[in-house]
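Breakdown of the fold
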Number of protein chains: 2
Amino acid sequence: MVSEPNSSVITCLINLPNEFGAKIMNVMLQLKKLGKEDPRRVIHSLKVAFAITLVSTFYYLKPLYDSFGSSAMWAVMTVVVVSEFSVGATLGKGLNRGLATFLAGVLGLGSYYMVHTISRGNTIIEPILLGIIIFLATAGATYIRFIPLMKARYDYGLVVFILTFCLVSVSSYRDHEIIDTAQDRVTTILVGGLISVLVNISLCPVWAGGDLHNLASKNIEKLGNFLEGFGDEYFGTLNARESNKSLMQGYKSVLNAKQVEDNLVNFARWEPCHGRFRFQYPWQQYQKIGNLSRQCAYRIDALNGFLNNFTKTPKEIKSKIQEPCIKMSIETGKALKQLSISIQKMVPPTSAETHIATSKIYATNLRSMIKTKLWEDTNLFEVVPVVTVASLLLDVVSSTEKLAESIQELSTLAKFKNKESKVAADDQKEVPQTCSDSSGPQHVIIIN
Amino acid sequence: MVSEPNSSVITCLINLPNEFGAKIMNVMLQLKKLGKEDPRRVIHSLKVAFAITLVSTFYYLKPLYDSFGSSAMWAVMTVVVVSEFSVGATLGKGLNRGLATFLAGVLGLGSYYMVHTISRGNTIIEPILLGIIIFLATAGATYIRFIPLMKARYDYGLVVFILTFCLVSVSSYRDHEIIDTAQDRVTTILVGGLISVLVNISLCPVWAGGDLHNLASKNIEKLGNFLEGFGDEYFGTLNARESNKSLMQGYKSVLNAKQVEDNLVNFARWEPCHGRFRFQYPWQQYQKIGNLSRQCAYRIDALNGFLNNFTKTPKEIKSKIQEPCIKMSIETGKALKQLSISIQKMVPPTSAETHIATSKIYATNLRSMIKTKLWEDTNLFEVVPVVTVASLLLDVVSSTEKLAESIQELSTLAKFKNKESKVAADDQKEVPQTCSDSSGPQHVIIIN
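The name given to chain A in an unreviewed UniProt entry is Putative aluminum-activated malate transporter, and the organism recorded there is Medicago sativa. The annotation that UniProt attaches to chain A under Subcellular location (unreviewed entry) is "Membrane". We quote the UniProt Sequence similarities (unreviewed entry) comment for chain A here in full: "Belongs to the aromatic acid exporter (TC 2.A.85) family."

Given below as structure tokens:
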């Protein structure tokens, strides 16, 4: 007699392999997508596997095993823990681990010998004194981890310090050949660190600095994409294609890029000079540029709200300031894209200046138009959204100007050369004339 | 003969202790500030130190050392690495470490015995086969670390898996008592994990869930603080005190809170039910609330730009819509603060609804006022900033409504009880009448 619940259990069991298969398929597709998005991920996995397989020869080759014995374990551990995606992260972790191990080893041994001398080998006083020292050292080091600067750059070093200090000072209580053991460990940790750093740098290295540089440039380009498309999209002057819309929405990733940026800056600081980046390259300037990009992105997010606004403004009202708005938006977009290119190519942002100047002329025109009695016969309520959009666009123009200034600062600090700016400058369009009735504080100032 | 450079070197040497002293003083002050900001940091440091000192008794007490020997090291390592600030982070790391060690140990031993059987102890084939298996396993596990879900929750587990798998499979090649060693290690790791989890939970525990809950509530309160002060500040109706200004600027920390929030959600998911939070509490809803808070904060950042705007709008223009703007801002601020309180006290957000309804009535009034010919004799250009501010405020009102909806959702999911809402509702003010000429789609809808 097969009851109903039983049959449903059977159905469930029959479906189980299918569901499991679907899940596995899903994970596989995700893995494929990850590799397609950034093939360096696949290379990184192979690099780590290579470094670990290499370091495991410590066990297989008799002469190596004879000299290190089970201390070879520390080399394997170091490679596993230190191997990070970028050179900066790997170097940072490796140096943190190496220095912290050395320092903690010396201090741990020192404190053991001090306690041993004071207690004269008394088996009750010695562990109590050692316990007190360990308590104080670990409490202090754990507390220091809360200092933001330490957290950002030396957090891993502090953990390794606590670990090594405890291991060395407590093992010395039992293991009286501690100096030999310590020597072996330090050597294997150094070898492990060296292997992972060498493999990381010599096979298709991923530089955090380069990634940071590209991220800054890409983010500014995304803002530019939005602004280039915004005018036509808002005023409905073009049959905007769907593909354009998805390109415009790219700016959203800029809103939350701060953490990634901060991490990359921390990693980049550990990296030696490489490629186009010289020693002591001004990485921290990228944080300033990132903050200004986000300021601009917040305004763009507000503008984006107007694209999906269902309280449509009549076309005849929009059309009154349509021209300067679209042109200002396009010019600012172009300026941002030029800024992005100038970061990418490491040339001073001179070609962006022209676009900024042009967009400021349109801004002046726009202000003048708003001042005239263009609106006399219209309902102010219907004008509000358009005027808000115009005002936000004016805000974006000034954000872009600030951004250009900070990129100019980067250009000075990093000594960008002017080799390619002429080519970019050829890409300029005619500069419009300022309206004759413009007045007030809106002068056209070309930065620099 | 004392040359000038020498004397400057001497001056420098004399100043060195002073400079060093100043630096030390600076660090000390910073440490004091960190403790004052959050005294749980001091407690955490003492807790970690206590757990480590406790686990180091494995070395001091002869019976314990006799049974574990140098494997005691793994207990110390586990405590150092697993002890995190919050219970969720500690539990997450502990479980990751425990499960990954067990799984990797079993698989590592399994693959060693498989290789040993296949190669029949051949000293050339065996290490080559082992090397291939290690290469494949580590490359796979390293690649899986890139999957966002794995990165967020199981990253540490994957590192420990790689580490243990390599150590077990390679050491088995040399150490033929590997099963005993493995058993000792698993036991000590379990003991270490248990000690750190127990110390973490039993002495003044810091719950990531509680922190997340408070952060969500605090962030919404900060937005409320801005809006409560904004009206008076912008229209200059009060001699705003400096303290009020700094309170208003608190919203800035909301802009970049995403990473902290995401981390806390990940940690909170590891935590068992505690205090007011039941098992399977809807932590992910806090991410939704956080995103909506940030949407609101972006608009507030745009509003903040108008506070420092030097192109002053004449007072007589501002005064035309001053009243509804100030009241709308204050009511929205109050609504946000009520939402914050309803999260804090875990009661349904009914008391905020009244404030939202009131602010929507003011919004309707504001829209009607803008529609009338109030502006006839004014220069539109001077009106623009005021109208933009009004429009942004209207935007903030609708953001707040969405936020209230998502908090209502949280209230349903988390089954908030209505015990205290009556008290909060007493705090309401009179509701204004809607202007008679209001029309269009602006109905007063009270959510829920």
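A few words now on the overall build of chain A. Along chain A, the regular secondary structure elements total 19 helices and zero strands. Residues counted as buried form 52% of the 448 residues belonging to chain A. The contacts in chain A between residues at least 6 apart in sequence include a share of 83% that link residues at least 24 apart.

Another point: the relation of the copies chain A and chain B. Mapping chain A onto chain B leaves a residual RMSD of 0.0 Å; the transformation is a rotation of 180° accompanied by 0.0 Å of translation along its axis. As the rotation angle and translation indicate, the two copies are arranged about a two-fold axis. The share of interface residues of chain A whose copies in chain B are also at the interface is 100%, consistent with both copies meeting through the same surface.

Attention shifts here to a nonpolar patch on the surface. All names here are of chain A. A grouping of I124, I125, I128, I132 and L136 is seen on the molecular surface, where their side chains present a nonpolar patch of about 500 Å² in accessible area. Along the polypeptide, L136 turns up in helix 7 (residues 125–144). Taking relative accessible area as the criterion, L136 reaches 57% and is therefore assigned exposed.

A few words now on empty space enclosed by the protein. All told, the structure shown has five cavities of 30 Å³ or more when counted by the stated rule. Empty space within the largest cavity amounts to approximately 60 Å³. Within the residue set of the lining of the largest cavity, elements represented by two or more residues are helix 2 (40–55) and helix 9 (178–202) of chain B. Counting residues per element, the lining of the largest cavity draws most heavily on helix 2 of chain B, which supplies four residues. Taken as a whole, the second largest cavity holds about 50 Å³ of empty space. Around the second largest cavity, the lining residues are H44, K47, V48, A51, S83, E84, S196, V199 and N200 of chain A. Breaking the lining of the second largest cavity down by element, the ones donating at least two residues are helix 2 (40–55) and helix 10 (178–202) of chain A. Tallying contributions element by element places helix 2 of chain A first for the lining of the second largest cavity, with four residues.

The next subject is unusual backbone geometry. In this model, Q280 of chain A sits at a positive phi of 55°, which is unusual for a non-glycine residue. Inspection of the secondary structure assignment puts Q280 of chain A in the loop between helix 14 (258–268) and helix 15 (284–307). Using a relative accessible area of 63% as the deciding quantity, one classes Q280 of chain A as exposed. Not every positive phi belongs to a glycine, and K415 of chain B is a case in point at roughly 55°.

Right, let's get into the packing of aromatic side chains. One pass over the full model with this rule turns up 29 aromatic pairs over all chains. The interplanar angle of 10° and the centroid separation of 5.7 Å between the aromatic rings of F230 of chain B and Y234 of chain B together place this pair among those described as stacked. Of this pair, F230 of chain B and Y234 of chain B both sit in helix 10 (residues 208–235), four residues apart, roughly one helical turn. Neither F230 of chain B nor Y234 of chain B differs from the other in exposure class; each is buried. Grouping aromatic residues by their ring pairs yields a cluster made of F226, F230, Y234, F235 and Y251 of chain A. The ring of Y156 of chain A carries K93 of chain A above its face, with NZ or CZ at 4.9 Å from the centroid. One Lys or Arg, R153 of chain A, reaches over the ring of W270 of chain A and ends 4.8 Å from the middle of that ring.

Residue and element names in this part refer to chain A. Here, the residues flagged by UniProt with the feature "transmembrane region" (unreviewed entry) are residues 42–61, 73–92, 99–118, 124–144, 156–174 and 186–208. In residues 73–92, helix accounts for 80% and strand for 0%; the two terminal C-alpha atoms are 21 Å from one another. Structurally, residues 124–144 comprises 95% helix and 0% strand, and the distance from its first C-alpha atom to its last is 31 Å.

Here we take up the interface of chain A and chain B. Contact with chain A, which involves 75 residues of that partner, is made by 75 residues of chain B. Summed over both sides, the interface between chain A and chain B buries roughly 7100 Å², with carbon and sulfur atoms accounting for 73% of that surface. Counting across the interface, chain A meets chain B through two salt bridges. Residue D301 of chain A is joined to R299 of chain B by a salt bridge in which the shortest nitrogen-to-oxygen separation is 3.4 Å. Where chain A touches chain B, the interface holds 10 residue pairs in polar contact (both at pLDDT 80 or more). Of the residues assigned to the side of chain A that touches chain B, the class counts are 46 nonpolar, 18 polar and 11 charged.

Attention now moves to the domain arrangement of chain A. Residue and element names in this part refer to chain A. Domain annotation for chain A reports domain 1 (45–202) and domain 2 (208–447). With both chains or domains summed, domain 1 and domain 2 bury close to 830 Å², and 66% of this area falls on carbon and sulfur atoms. The tally of links from domain 1 across to domain 2 stands at zero salt bridges. Put simply, domain 1 and domain 2 have one residue pair in polar contact (both at pLDDT 80 or more) between them. Looking at the side of domain 1 that touches domain 2, the elements with two or more residues in it are helix 6 (87–119) and helix 8 (148–153). Per-element accounting of the side of domain 1 that touches domain 2 gives the leading share, seven residues, to helix 6. Of the residues belonging to the side of domain 1 that touches domain 2, the class tally is six nonpolar, four polar and one charged.

Conventions and cut-offs
Residues numbered from 1 in each chain as written. Chains lettered and ligands numbered in written order. Predicted model: local features only at pLDDT ≥ 70, side-chain atom pairs only at ≥ 80, totals over all residues. Heavy atoms only, no water. UniProt positions renumbered as here; feature names shortened; annotations may be inferred. Helix = DSSP H or I, 4+ residues; strand = E, 2+ residues; numbered from the N terminus. Buried < 20%, exposed > 50% of the residue type's maximum accessible area, 1.4 Å probe, protein only. Contact = heavy atoms within 4.5 Å. Least-squares fit on C-alpha atoms with pLDDT ≥ 70 in both. Patch = residues over 30% accessible without salt bridge, like charges linked within 9 Å, V, L, I, M, F, W, Y side chains within 5 Å. Areas by Shrake-Rupley, 256 points an atom, 1.4 Å probe, with all protein chains shown as cover. Salt bridge = Lys/Arg side-chain N within 4 Å of Asp/Glu carboxyl O. 1 Å grid on protein atoms, 1.4 Å probe; cavity = no way out; pocket = protein on both sides within 12 Å on 5 of 7 lines; lining within 4 Å. Points joined across faces, edges and corners; volume = space filled by probe spheres on them. Phe/Tyr/Trp six-rings, centres within 6.5 Å; stacked < 30°, edge-to-face > 60°. Lys NZ or Arg CZ within 6 Å of the ring centre and 35° of its normal. Buried area = accessible area lost by both parts, 1.4 Å probe. Polar contact = N/O pair within 3.5 Å; in protein donor to acceptor, adjacent residues only side chain to side chain. Nonpolar A, V, L, I, M, F, W, Y, C, P; charged D, E, K, R; others polar. Domains from an automatic or database assignment.

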